[in-house]
Amino acid sequence: MPSSNLSSSKKNMPMQKSDRYCGAALILLTLGIFFLSVMVFSFNPQSPLGILSACIGVLLTLGSILCFVLYNRALKQEAQQEKSNT
């Protein structure tokens, strides 16, 4: 029975900062891969639209790397806060 209380309390917890960074990183990575694979080759990769799509894909991928770094930092801070609270 205590596990059901634990799961219900987790449902009511607000979304942590690390969770938001992880979600944003995964979305940016997915969009970056989409732009670098589908969008670049739907246009001619040597055309201006293909080059623009490649630039957007690279920027999205770099944004996902930044979000993963922020996710790692936030996760460490949350672990330290939890350790200091106990």
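About the cut-offs
- Residues numbered from 1 in each chain as written.
- Predicted model: local features only at pLDDT ≥ 70, side-chain atom pairs only at ≥ 80, totals over all residues.
- Heavy atoms only, no water.
- Helix = DSSP H or I, 4+ residues; strand = E, 2+ residues; numbered from the N terminus.
- Contact = heavy atoms within 4.5 Å.
- Areas by Shrake-Rupley, 256 points an atom, 1.4 Å probe, with all protein chains shown as cover.
- Expected span 1.5 Å × (residues − 1).
- Buried < 20%, exposed > 50% of the residue type's maximum accessible area, 1.4 Å probe, protein only.
- Bend = angle between axes of the 7 residues up to and from the residue.
- Lys, Arg positive; Asp, Glu negative; His and termini not counted.
- Salt bridge = Lys/Arg side-chain N within 4 Å of Asp/Glu carboxyl O.
- Polar contact = N/O pair within 3.5 Å; in protein donor to acceptor, adjacent residues only side chain to side chain.
- Disulfide = S-S within 2.5 Å.

A.B. asks: I'm lost on the overall build of the protein in this one. Help?
C.D. replies: Tallying secondary structure elements over the protein gives three helices and zero strands in all. In sequence order, the protein lays out its α and β elements as α-α-α. When contacts within the protein are restricted to residue pairs at least 6 apart in sequence, those whose partners lie at least 24 apart make up 67%. Accessible area of the protein: about 6,600 Å², with a carbon and sulfur share of 68%.

A.B. asks: Any chance you could explain helix H3 (residues 48-85) here in plain terms?
C.D. replies: The end-to-end C-alpha separation of H3 is 55 Å, in line with the 56 Å expected for 38 residues at 1.5 Å each. Tucked inside the fold, the buried residues of H3 contact helix H2 (17-42).

A.B. asks: What is the right way to read the environment of Gly 32 from this model?
C.D. replies: With respect to the helices, strands and loops of the structure, Gly 32 is situated in helix H2. A residue is classified by how much of its surface remains accessible, and Gly 32, at 0% relative accessible area, is buried. A C-alpha to C-alpha distance of 8.9 Å links Gly 32 and Ala 54, two positions 22 residues apart in sequence. The residues contacting Gly 32, other than those within four sequence positions of it, are Gly 57, Leu 60 and Thr 61.

A.B. asks: Would you explain H2 in this entry?
C.D. replies: With 26 residues, H2 ought to run about 38 Å at 1.5 Å a step, and its terminal C-alpha atoms sit 36 Å apart, in line with that. Where H2 bends most, the angle comes to about 35 degrees, and this point is Phe 35. Along its buried surface, H2 packs onto H3.

A.B. asks: Quick question: what am I supposed to make of the side chain of Glu 78 here?
C.D. replies: Inspection of the secondary structure assignment puts Glu 78 in helix H3. No salt bridge forms around the buried Glu 78; measuring N to O, its nearest opposite-charge neighbour Arg 20 is 6.9 Å away. Of note is the side chain of Glu 78, whose polar atom sits 2.9 Å from the side chain of Ser 18. Glu 78 has contacts with Gln 16, Lys 17 and Ser 18, leaving out every residue within four places of it along the chain.

A.B. asks: Honestly, the state of the cysteines in this entry has me stumped. Any pointers?
C.D. replies: Covalent bonding between the sulfur atoms of two cysteines defines a disulfide. Following the criterion strictly, the structure yields zero disulfides and no others. Residue Cys 22 stays outside any disulfide, its sulfur separated by 9.7 Å from that of Cys 67, the closest cysteine.

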